[in-house]
Amino acid sequence: SQKIEQNSEALNIQEGKTATLTCNYTNYSPAYLQWYRQDPGRGPVFLLLIRENEKEKRKERLKVTFDTTLKQSLFHITASQPADSATYLCALGYTDKLIFGTGTRLQVFP
Amino acid sequence: DTEVTQTPKHLVMGMTNKKSLKCEQHMGHRAMYWYKQKAKKPPELMFVYSYEKLSINESVPSRFSPECPNSSLLNLHLHALQPEDSALYLCASSPDRVSYEQYFGPGTRLTVT
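What to know about the interface of chain A and chain B
Each side of the interface is counted separately: chain A has 18 residues, and chain B has 19 residues. Across the interface of chain A and chain B, roughly 1,500 Å² is buried in total on both sides, 55% from carbon and sulfur atoms. Contact with chain B buries area across many residues of chain A, yet D96, K97 and F100 of chain A alone supply 33% of it, more than any other trio. The salt bridge involving K97 of chain A is made with E58 of chain B; its shortest N-O contact spans 3.1 Å. In this structure, the connection of chain A to chain B is made through 4 residue pairs in polar contact (both at pLDDT 80 or more). At the level of secondary structure, the elements contributing two or more residues to the side of chain A that touches chain B comprise β4 (32–38), β5 (45–51) and β10 (97–100) of chain A. No other element matches β4 of chain A, which puts 4 residues into the side of chain A that touches chain B. Class assignment for the residues of the side of chain A that touches chain B results in 8 nonpolar, 6 polar and 4 charged.

Topic: the sheet that holds strand β7 (residues 62–67) of chain A
Residue and element names in this part refer to chain A. Pairing is antiparallel across the open sheet formed by 5 strands, whose spatial order is β1-β3-β8-β7-β6. Every interior strand has two partners, whereas the edge strands, β1 (3–6) and β6 (56–59), have only one. Pairs of neighbouring strands in the sheet enclose a mean axial angle of 15°, with direction left out of account. Taken together, the 4 bridges between β1 and strand β3 (residues 19–26) define a ladder with antiparallel strand orientation.

A closer look at the side chain of K97 of chain A
Structurally, K97 of chain A is set in strand β10. Here the side chain of K97 of chain A touches E58 of chain B through a polar contact of 3.1 Å, side chain to side chain. Every residue in contact with K97 of chain A, bar those within four places of it in the chain, is listed here: Y32 and L92 of chain A together with L45, I56 and E58 of chain B.

Observations regarding the pairing of β7 of chain A
Residues and elements named next belong to chain A. For β6 and β7, the ladder comprises 4 bridges, and the chain directions are antiparallel. For K59, the partnering residue across the bridge sits in β7 and is L62. Remark: 2 residues form the turn of the hairpin made by β6 and β7, two consecutive strands paired antiparallel; E60 in that turn has positive phi of roughly 55°. Between the end of β7 and the start of strand β8 (residues 72–77), which pair antiparallel, lie 4 residues, with K71 showing a positive phi angle near 60°.

Things to note about the sheet that holds strand β7 (residues 64–70) of chain B
Residues and elements named next belong to chain B. In spatial order, the strands read β1-β3-β8-β7; together these 4 strands make up an open sheet with antiparallel pairing. Every other strand in the sheet has two partners, leaving β1 (4–7) and β7 as the edge strands with one partner each. Strand-to-strand twist in this sheet, taken as the mean axis angle between neighbours without regard to direction, amounts to 20°. The sheet contact formed by strand β3 (residues 18–25) and strand β8 (residues 73–79) spans 7 bridges and is antiparallel. From the neighbouring strand, S20 faces β8, where its bridge partner is H77.

Reading the values: rules and limits
Residues numbered from 1 in each chain as written. Chains lettered and ligands numbered in written order. Predicted model: local features only at pLDDT ≥ 70, side-chain atom pairs only at ≥ 80, totals over all residues. Heavy atoms only, no water. Contact = heavy atoms within 4.5 Å. Buried area = accessible area lost by both parts, 1.4 Å probe. Salt bridge = Lys/Arg side-chain N within 4 Å of Asp/Glu carboxyl O. Polar contact = N/O pair within 3.5 Å; in protein donor to acceptor, adjacent residues only side chain to side chain. Helix = DSSP H or I, 4+ residues; strand = E, 2+ residues; numbered from the N terminus. Nonpolar A, V, L, I, M, F, W, Y, C, P; charged D, E, K, R; others polar. Pairing = 2+ DSSP bridges. Axes fitted to C-alpha atoms, helices over the stretch in contact; angles between N-to-C directions.

Any link to function would need more than the numbers given here.
So, in structure tokens, the structure goes:
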């Protein structure tokens, strides 16, 4: 069956450290993968998009990698801040649809 | 204007009521989406409109009826809903349907009593 799993339901880290979130998928061949941030009671906000022929993308303190052999994407937030605390969702672009992963709730402590 | 607006923010309705959710964007996007999100779960795609035509219906029950009156507006008409339909309903738009980031509205929190 098709699955998109994010490494853990919750991740707690100290301010200033690098947060690494994992997105694994099975039985999909996505053309691209996106990462979104969602705060409680609000809609997701787009962060980064990476295509199947790209290995890495960066935007300010954010970095995403995409390994189609391992069927995995890693999302890094460097120099994390308490304001980065939110749920982060990966989403696969597949057959003209966006299919969301289970999400990881990140908590950054001062 | 890079905003997707949704009204109402909250809606409580009985199982026999008829109501509508509204979504609007003025970014010139040609694809619009409805998602349903239950608590602590990811958004689930319901419908996709591309160039004002329904292009994807994810086998959604007929008690949910989408409508796209023009390129800026998207409605979701609700009728005879069940309590399990209570959720956050999210609207999104993107420049086109394929491989573009989606801009989400704040959602409508629907409670069916």
